[in-house]
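Each chain is listed here by its residues.
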Amino acid sequence: MTRRDLQWKGGGFALTAISCALCVAVDGAPFTIAFFPLALLGLPLMLHGKRVGQMFRAERRGHGHTVDVVHAARVRRRGQGTDGFGH
């Protein structure tokens, strides 16, 4: 796991942890619901790390085939061919 991936995952963990801590701290307040989307945003970051950022960039640039773009980047990074065996 790269440093960049750990930073993305750490950011997701921090976002979720802070949101949950604030919800516990203001127990029963009506604005607690405002922290819920932040906690939900942190979950994919914790699980998928930098791939979430990569997906957002690909989507923002208007790629219709976001999954293909992410897969192609992964294949280039590994130095493999399209068949997965380096051919």
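Residues numbered from 1 in each chain as written. Predicted model: local features only at pLDDT ≥ 70, side-chain atom pairs only at ≥ 80, totals over all residues. Heavy atoms only, no water.

S.K.: Explain the overall build of the protein here, please?
M.R.: Check the secondary structure of the protein and you find four helices and zero strands. Reading the protein from its N terminus to its C terminus gives the helix and strand order α-α-α-α. Taken across its 87 residues, the protein has 23% of its residues classed as buried. Partitioning the contacts of the protein with sequence separation of at least 6, the portion at a separation of at least 24 is 47%. (Helix = DSSP H or I, 4+ residues; strand = E, 2+ residues; numbered from the N terminus. Buried < 20%, exposed > 50% of the residue type's maximum accessible area, 1.4 Å probe, protein only. Contact = heavy atoms within 4.5 Å.)

S.K.: When you look at a nonpolar patch on the surface in this model, what are you seeing that I'm missing?
M.R.: Residues Ile 33, Phe 36, Leu 40 and Leu 43 make up a contiguous nonpolar surface patch of roughly 390 Å² in combined accessible area. Considering the arrangement of structural elements, one finds Leu 40 in helix H2 (residues 36–48). (Patch = residues over 30% accessible without salt bridge, like charges linked within 9 Å, V, L, I, M, F, W, Y side chains within 5 Å. Areas by Shrake-Rupley, 256 points an atom, 1.4 Å probe, with all protein chains shown as cover. Salt bridge = Lys/Arg side-chain N within 4 Å of Asp/Glu carboxyl O.)

S.K.: I tried to follow the packing of H2 against helix H3 (residues 50–60) on my own but got confused; where do I start?
M.R.: When two helices pack together, their arrangement is given by the angle between the helix axes and the distance between those axes. Relative to each other, H2 and H3 sit at 115 degrees, their axes nearing to 6 Å. One way to sum up the angle between H2 and H3 is to call them roughly perpendicular. Judged by residue contacts, Pro 44, Leu 45 and His 48 of H2 engage Lys 50, Arg 51 and Val 52 from H3. Residues that form the contact of H2 with H3 fall into these classes: three nonpolar, one polar and two charged. (Axes fitted to C-alpha atoms, helices over the stretch in contact; angles between N-to-C directions. Parallel < 35°, antiparallel > 145°, perpendicular 65-115°, else oblique. Nonpolar A, V, L, I, M, F, W, Y, C, P; charged D, E, K, R; others polar.)

S.K.: What is the right way to look at the environment of Ile 18 in this model?
M.R.: If you trace the backbone, Ile 18 turns up in helix H1 (residues 3–25). In the structure, Ile 18 is positioned 24 residues away from Gly 42 in sequence and 9.9 Å away in space, judged by C-alpha atoms.

S.K.: How should I be thinking about the confidence of the model for the protein in this particular structure?
M.R.: As a general rule, the predicted coordinates of low-pLDDT regions are not to be interpreted in detail. Overall, the prediction assigns the protein a mean pLDDT of 80, with 87% of residues at 70 or greater. Model confidence for the protein, summarised as mean pLDDT per element, is weakest for H3 at 77 and strongest for H1 at 89. (pLDDT = per-residue confidence, 0-100.)

S.K.: Sorry if this is basic, but what is going on with H3 here?
M.R.: Since the α-helix advances by 3.6 residues per turn, residues separated by three or four positions end up pointing in the same direction. What H3 keeps buried is the set Lys 50, Val 52, Gly 53, Gln 54 and Ala 58. Contacts from the buried residues of H3 go to H1, H2 and helix H4 (66–78). Taken from the residues just after H3, Gly 62 is the one with a positive phi, measuring 85 degrees.

S.K.: Honestly, the packing of H3 against H4 in this entry has me stumped. Any pointers?
M.R.: Direction vectors running N to C along H3 and H4 enclose 125 degrees, while the axes themselves pass 9 Å from each other. Accordingly, the angle class assigned to the pair H3 and H4 is oblique. Read as a crossing pair, H3 and H4 show a hand that is right-handed. Residue-level inspection shows Arg 51, Gln 54, Met 55, Ala 58 and Glu 59 of H3 in contact with H4, the latter providing Thr 66, Val 69, Val 70, Ala 73, Arg 74 and Arg 77. Taken together, the residues of the contact of H3 with H4 sort by class into five nonpolar, two polar and four charged. (Left-handed = near helix turned anticlockwise from the far one by under 90°.)

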